[in-house]
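# Understanding the architecture of this molecule
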Amino acid sequence: GQQVMQIPQYQHVQEGEDFTTYCNSSTTLSNIQWYKQRPGGHPVFLIQLVKSGEVKKQKRLTFQFGEAKKNSSLHITATQTTDVGTYFCAGQAGANNLFFGTGTRLTVIP
Amino acid sequence: DAGITQSPRHKVTETGTPVTLRCHQTENHRYMYWYRQDPGHGLRLIHYSYGVKDTDKGEVSDGYSVSRSKTEDFLLTLESATSSQTSVYFCAISDKLRDGYTFGSGTRLTVV
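Let us look at the structure shown here. Here the structure is a predicted model, which is why all the values come from computation and not from measurement.

Procedures and definitions
Residues numbered from 1 in each chain as written. Chains lettered and ligands numbered in written order. Predicted model: local features only at pLDDT ≥ 70, side-chain atom pairs only at ≥ 80, totals over all residues. Heavy atoms only, no water. Helix = DSSP H or I, 4+ residues; strand = E, 2+ residues; numbered from the N terminus. Rg over C-alpha atoms; globule rule 2.2 N^0.38 Å. Areas by Shrake-Rupley, 256 points an atom, 1.4 Å probe, with all protein chains shown as cover. Lys, Arg positive; Asp, Glu negative; His and termini not counted. Charge placed at Lys NZ, Arg CZ, Asp CG, Glu CD. Phe/Tyr/Trp six-rings, centres within 6.5 Å; stacked < 30°, edge-to-face > 60°. Buried < 20%, exposed > 50% of the residue type's maximum accessible area, 1.4 Å probe, protein only. Disulfide = S-S within 2.5 Å. Contact = heavy atoms within 4.5 Å. Buried area = accessible area lost by both parts, 1.4 Å probe. Polar contact = N/O pair within 3.5 Å; in protein donor to acceptor, adjacent residues only side chain to side chain. Pairing = 2+ DSSP bridges. Axes fitted to C-alpha atoms, helices over the stretch in contact; angles between N-to-C directions.

## Looking at the overall build of chain A
Each helix and strand in chain A was counted, giving 0 helices and 11 strands. In chain A, the succession of α and β elements from N to C terminus is β-β-β-β-β-β-β-β-β-β-β. Here the C-alpha atoms of chain A give a radius of gyration of 13 Å, agreeing with the 13 Å that 2.2 N^0.38 yields for 110 residues. Each principal axis of the C-alpha distribution contributes one length, and for chain A these read about 40 × 25 × 20 Å. Taken as a whole, chain A presents about 5200 Å² of accessible surface, with 52% of it coming from carbon and sulfur. Taken together, the 10 basic and 6 acidic charged side chains of chain A have centroids lying 9 Å from each other.

## What about the packing of aromatic side chains?
Aromatic rings in a pair are described by how distant their centres are and how their planes are angled relative to each other. Following the criterion strictly, the structure yields 18 aromatic pairs over all chains and no others. Ring centres of tyrosine 35 of chain A and phenylalanine 45 of chain A lie 5.6 Å apart, and the angle between their planes is 65 degrees; on these two criteria the pair is classed as edge-to-face. With tyrosine 35 of chain A in strand β4 (residues 31-37) and phenylalanine 45 of chain A in strand β5 (residues 43-49), this residue pair connects regions lying 10 residues apart in the sequence. Given a relative accessible area of 0%, tyrosine 35 of chain A falls into the buried group. Relative accessible area serves as the criterion here: at 32%, phenylalanine 45 of chain A is assigned to the partly exposed category. Among the aromatic residues, those joined into a cluster by ring pairs are Tyr35, Phe45, Phe88 and Phe100 of chain A together with Tyr31, Tyr33, Tyr35, Tyr48, Tyr50, Phe90, Tyr101 and Phe103 of chain B.

## Describing the state of the cysteines
Residue and element names in this part refer to chain B. Inspection of every chain in the model, using the stated rule, returns 2 disulfides over all chains. The disulfide partner of cysteine 23 is cysteine 91, and the S-S distance across this bridge is 1.9 Å. Taking the sign of the S-S torsion, about -75 degrees here, the bridge from cysteine 23 to cysteine 91 comes out left-handed. Pair noted here: cysteine 23 is in strand β3 (residues 19-25) and cysteine 91 is in strand β9 (residues 87-94), with a separation of 68 residues, a long-range link. Residue classification places cysteine 91 among the buried positions, given a relative accessible area of 0%.

## Examining the interface of chain B and chain A
Counting residues at the interface gives 20 residues for chain B and 20 residues for chain A. In this assembly, chain B packs against chain A so that about 1600 Å² is buried in total across both faces, 53% of it on carbon and sulfur atoms. Counting the surface chain B buries against chain A, the share from its top three residues, Leu43, Arg98 and Tyr101 of chain B, is 34%. For the pair chain B and chain A, the interface holds 5 residue pairs in polar contact (both at pLDDT 80 or more).

## Describing the sheet that holds β3 of chain B
Residues and elements named next belong to chain B. Across the sheet, 4 strands lie side by side as β1-β3-β8-β7; this open sheet has antiparallel pairing. Single-partner strands in this sheet number two, and they are β1 (4-7) and β7 (64-70). Along the sheet, successive strands turn relative to each other by an average axial angle of 20 degrees, direction set aside. Relative to strand β8 (residues 73-78), β7 runs antiparallel, the two sharing 5 bridges. Counterpart to valine 66 in the pairing with β8 is leucine 76.

This is the structure we're talking about:
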């Protein structure tokens, strides 16, 4: 079955440092989405990538979709305490449902 | 998020009892989903609906059933709750198959 692996599982960074989380799928994806979940909260949709090699930016966040459409990354530049939370990727293959990765929990040390 | 509510927010129930969780949306979205979230497993799909009375199983559907008699309501039922069903349950909605999902605030269910 479809699997989406996400690494690292945890990441502690000093405020101001950069952060990257990686997502790898066992199958070619039609699209990939990213979500953020604050501690005690619910997942919130951030962005969707559809095209091979696509790069999208949201302020300090940069999202990439691999050329083979089997991997993706989220990079945060100069982390802030407001970035704390768990970041999930979720991949979709064809008409199948979204399959979530296990998430990367980010802790930002002030 | 505005437009999707889950009830109850918290529930403690005994093993063997039936439990129903409710998801209500005011967005008129076609698709509705039930997920459970457990440490180390991320979000796993239980059941989903693609229209009124149209539902299908997800990857962890054993022990769960769903119903959708109206566009706005999607019910998740645990016929006979077990301790392994202790979890946080999230409902989500989307208008199209490849849209981003909007999640409810979740229901924390404890089965004792």
